[in-house]
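Reading the structure
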Amino acid sequence: MGDSMLSRIGVCMVTYALPPDHSGAAKQAITLASELISNHGVDIFFITQGNTQKSQFEKYVSGFRVIRIYKESLFWKILAPVRFFITFFIERNNYSVIHVHGVGYLGKIAVLFGKLFNKPVILKMTMFTEDDAMSIKRSSWFDFWFFTKATRYIAITRSFLESCLQAGVPERKIVLIPNGVDTGRFKPISTTEKKKQREKLGLPCDKTILVYAGIIRPEKGIDFLLDALQLIVRERSDVYLLVLGPLESWLPEEERQYAEAVVRRMAAPELKDFVRYGGKVDNVHEFFQVADIFVSASKREGFPNVLLEAMSAGLPPVVVNIPGIHERILQNGVNGIVVSKPDVSNFVLKVLMVVDDVHFRQILSSSALATIGQHYSISAIADRYQELYTELCDSVI
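Below is a short write-up of the structure.

Thresholds applied
Residues numbered from 1 in each chain as written. Predicted model: local features only at pLDDT ≥ 70, side-chain atom pairs only at ≥ 80, totals over all residues. Heavy atoms only, no water. Pairing = 2+ DSSP bridges. Helix = DSSP H or I, 4+ residues; strand = E, 2+ residues; numbered from the N terminus. Axes fitted to C-alpha atoms, helices over the stretch in contact; angles between N-to-C directions. Contact = heavy atoms within 4.5 Å. Buried < 20%, exposed > 50% of the residue type's maximum accessible area, 1.4 Å probe, protein only.

Below, the discussion takes up the sheet that holds strand β12 (residues 293-296). Taken together, the six strands give an open sheet; going across it, the order is β11-β10-β9-β12-β13-β14, and neighbouring strands pair in parallel fashion. The outermost strands of the open sheet, each flanked by one partner alone, are β11 (275-279) and β14 (337-339). Taken pair by pair, the neighbouring strands of this sheet meet at an average axis angle of 20°, ignoring direction. As defined by bridge partners, β12 adjoins strand β13 (residues 317-320) across three bridges and the pair is classed as parallel. Looking at the pairing, V295 lines up with V318 of β13.

Here we take up the sheet that holds strand β5 (residues 97-101). Pairing is mixed across the open sheet formed by eight strands, whose spatial order is β3-β4-β2-β1-β5-β6-β7-β8. Two strands bound the open sheet, and with one partner strand each, they are β3 (60-61) and β8 (174-176). Sheet topology note: the strand β1 (residues 10-15)/β5 ladder contains four bridges and is parallel. Bridging from a neighbouring strand, M13 pairs with H99 of β5. Strands β1, β2 (43-50), β4 (64-70) and β5 of the sheet are contacted by helix α3 (residues 74-90), whose axis makes an angle of about 145° with β4. Where helix α7 (residues 158-167) meets the sheet, its contacts fall on β7 (152-155) and β8, and the angle it forms with β8 comes to roughly 165°.

Another aspect to go through is unusual backbone geometry. Here the residue pair P19 and P20 is connected by a cis peptide bond, since its omega of 15° sits within 30 degrees of zero. One can find P20 in the loop between β1 and α2 (24-39). Backbone geometry places S62, a non-glycine residue, at a positive phi of 50°. Within the fold, S62 resides in the loop between β3 and β4. At N118, a position not held by glycine, the phi torsion is positive, near 55°. Using a relative accessible area of 52% as the deciding quantity, one classes N118 as exposed.

Structure below.
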């Protein structure tokens, strides 16, 4: 199918957040959309909800037109589903396919609109144990009924695919497409460049730098990483932790208190010389390029985009296992280190093994890069979405 044909395909991408509000699923949606519009001739705009006062004024994100349904008060929150439906209707001539990143109530609105106005709807499942098919089926027959009315389902790992099959979703409607990474942006740099970049970013040149990136909230396990760092710095001073990620005002009060406590802990006397909290940054790739090891103790993920980005930048990952997620990406001891249980002492041993064995670290790094190149480049992932969009448009015609 040529580009001239594909240029007539319009896609309405639906997300639960977009910058300046933080969302891993939204970040992946933008990465995919950028590749599709640049190299695959697909026209894309976004419909999303506004979670903060600041976000309601952002009409464009990464060059994409964004329509935000801002829920200013309880009254407008109640009317939000109707406002989304009306927006789908007003914009109906600007798209052929609705692609929802996440399921939830926006998925239900999209499915209803799609059925009424003959628009194919793709539901991308993004958080295992939350919006995979079996989790939805267990939580609500009403939600699952709507879920079953979508045109296609994107399973980002085999765990999501198997959940769909177990729930009775027809296999022909499930498409296994993992998330992708922009390998042109997230790529390794030379040792010389690494030293220059560290100086530019104000990072120590004489330490092994561990890096974590993600929103600061309990499920991400930053407190676990600080526990590990505390054990490490009691014995040695050559390891440094860099933590990147926003403190979001829209989080529940309990989670905001956790995040604030974590940031205070990083500034405490016993840790402040060995950790830096960088907050929200737009140049995550530059920080990954100057780091040495990616670390994560996250308790829950749908598909860890930040892990792919770190591997694409040449970082060997050391992670606490999330069942059904990490084993789909990492081979323990081959392209990363997977710690089976959240045991701080064992995690520290594994981290220090990679810190001290530079040759082993290089082997892990090379294998991580190969994994990304073979399975997760955004160009190859976009090819598969292009084929799916075309198939759905042809079936409607």
